[in-house]
Amino acid sequence: MKSIRVRLGVLGLALLTGITTPTAASAAPAAPSPTVEEQRLGRAAPQEILRRSGFDTVAPRLARALEAARSYGEARRAVGLEGARLWQRAVDRAQGRGPAGGDLSRDDDRPLYWARLGMTRDVRTWEPEFGLTDGQRAALLDELERSSRGQNAIRYPEGKGLKRILLTGFDPFTLDRDIRISNPSGATSLALDGTVIQTADGPARVETAVFPVRWQDFTDGSVERALRPHLPKVDLFTTVSQGRVGRFDIERTNGAWRGGFGDNENVGRTETVPVADPASQPQWTTTTLPYAAIVAAPTGRFPVYDNTSVTEIPAGGAQPVVRPEGPTPGSTARAGGGGDYLSNEIAYRATLLRDRLGLHGTLPGGHVHTPVLQFGAGNTTEVTDPEFVRNRLDIIAQVKAILRVAAETS
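Here we summarise the structure given alongside this text. (Residues numbered from 1 in each chain as written. Predicted model: local features only at pLDDT ≥ 70, side-chain atom pairs only at ≥ 80, totals over all residues. Heavy atoms only, no water.)

1. A word on the packing of helix 3 (residues 58-68) against helix 5 (residues 110-125)
Link 1 in the chain: Close contact between helix 3 and helix 5 brings their axes to 8 Å; oriented N to C, the two are set at 25°. Comparing their axes, helix 5 and helix 3 come out roughly parallel. In terms of crossing hand, the pair formed by helix 3 and helix 5 is right-handed. For the pair helix 3 and helix 5, the contacting residues are Val-58, Ala-59, Leu-62, Ala-63 and Leu-66 in the first and Ala-115, Gly-118, Met-119, Asp-122 and Val-123 in the second.
Link 2 in the chain: A breakdown of the residues in the contact of helix 3 with helix 5 according to their chemical character gives 8 nonpolar, 1 polar and 1 charged. (Axes fitted to C-alpha atoms, helices over the stretch in contact; angles between N-to-C directions. Helix = DSSP H or I, 4+ residues; strand = E, 2+ residues; numbered from the N terminus. Parallel < 35°, antiparallel > 145°, perpendicular 65-115°, else oblique. Left-handed = near helix turned anticlockwise from the far one by under 90°. Contact = heavy atoms within 4.5 Å. Nonpolar A, V, L, I, M, F, W, Y, C, P; charged D, E, K, R; others polar.)

2. Description of the packing of helix 2 (residues 44-53) against helix 5
Link 1 in the chain: Between helix 2 and helix 5, the least distance of the axes is 9 Å, while the angle of their chain directions is 110°. With respect to helix 5, the axis of helix 2 lies roughly perpendicular. Pair helix 2 / helix 5 crosses with left-handed handedness. Each of Pro-46, Ile-49, Leu-50 and Ser-53 in helix 2 lies in contact with helix 5, whose residues at this interface are Arg-110, Pro-111, Trp-114 and Ala-115.
Link 2 in the chain: For the contact of helix 2 with helix 5, the per-class residue count stands at 6 nonpolar, 1 polar and 1 charged.

3. So, the sheet that holds strand 12 (residues 321-323)
Either a parallel or an antiparallel arrangement is found when strands of a sheet pair, and the pairing is made through backbone hydrogen bonds.
Link 1 in the chain: Read from one edge of the open sheet, 3 strands run 12-11-13, paired in antiparallel fashion. Strands with a single pairing partner mark the edges of an open sheet, and in this sheet they are strand 12 and strand 13 (332-335). For this sheet, the mean angle separating the axes of adjacent strands, direction not counted, is 45°.
Link 2 in the chain: The sheet contact formed by strand 11 (residues 310-313) and strand 12 spans 3 bridges and is antiparallel. Considered in strand 12, the bridge of Val-310 is made with Arg-323. (Pairing = 2+ DSSP bridges.)

Structural measurements only, silent on function.
Below, the structure is given as structure tokens:
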């Protein structure tokens, strides 16, 4: 029998991502240690979230499948199957299908996040008897990430009379500040994946995917790889992330700058957003969502703003300047309307991809920032409470209403 040996010694900061062509295993290197992100799994809150949702069985199931694998090919198939199964299970739970698995509310995105980390930790630290090269392990992790995030499960029905909407969300983040954090954009992705929104113009099918809060994945092109096959075929897209307290923002402008804030691996990057063909890279991209109609519509209890502010270094200048009405000609980006973190970057990458595909004038797309998802007053220890659940459900419902308005006015 093969065995799975998990090494919990020295913390590793190396994150193996991207596609690497597997090669034949010879003298396989030692398995790396769990990442900073995976190390958080052992804390009480993640374990409670997994237990109270029934997702504590997910990683052990993959571990058994890996133990039974007799080759790299069998392991690759097992990883893809279990990753896709996790995504579908999380979507089903959020949409009320099947058992809840515990008393945690169904709208919760955190079971998906923590269960996935248990799976990636097992793959990262697995040492099969047949051996794994670094490239093979990286390919397994890549397959697991994509399949468990819905990135390779975006499919629309054939035929006319149906609008197609693509929406993306994010994992929880800033977990060292509060390990209990949920991300309403991820919860929205689970709640809306595969659903149909009835609009005045007919039905609109929504497909979704979730992205990690890690600079390196974006550097490796994960956004473009996931979205490029679909943007030419959809009628509307929006990237979604958690933004400011008590408000929605439709971000008018996105900037080509990383501001250095630490990601879920506690890694910061301060640089121009790295993209293919940097010689043609613009400093700014703009939304093509119908922001005026969205802001004017009664979509829910949170106010919605058309956010035009950016931070730039003016042409010929040296210091950053806040521009409430948007960038000036020839300026250098230092923050888009959505800031200088990964929410701004996914918006920048998605809208730049739209433009490079020649779709700027025909495809509505941009970024929506949700309100910060807050716990009830005085709750500093419990993983959930009634106000927390209400806030998340209201945010999900309002994103859906925003999509309806966008689809009807595009």
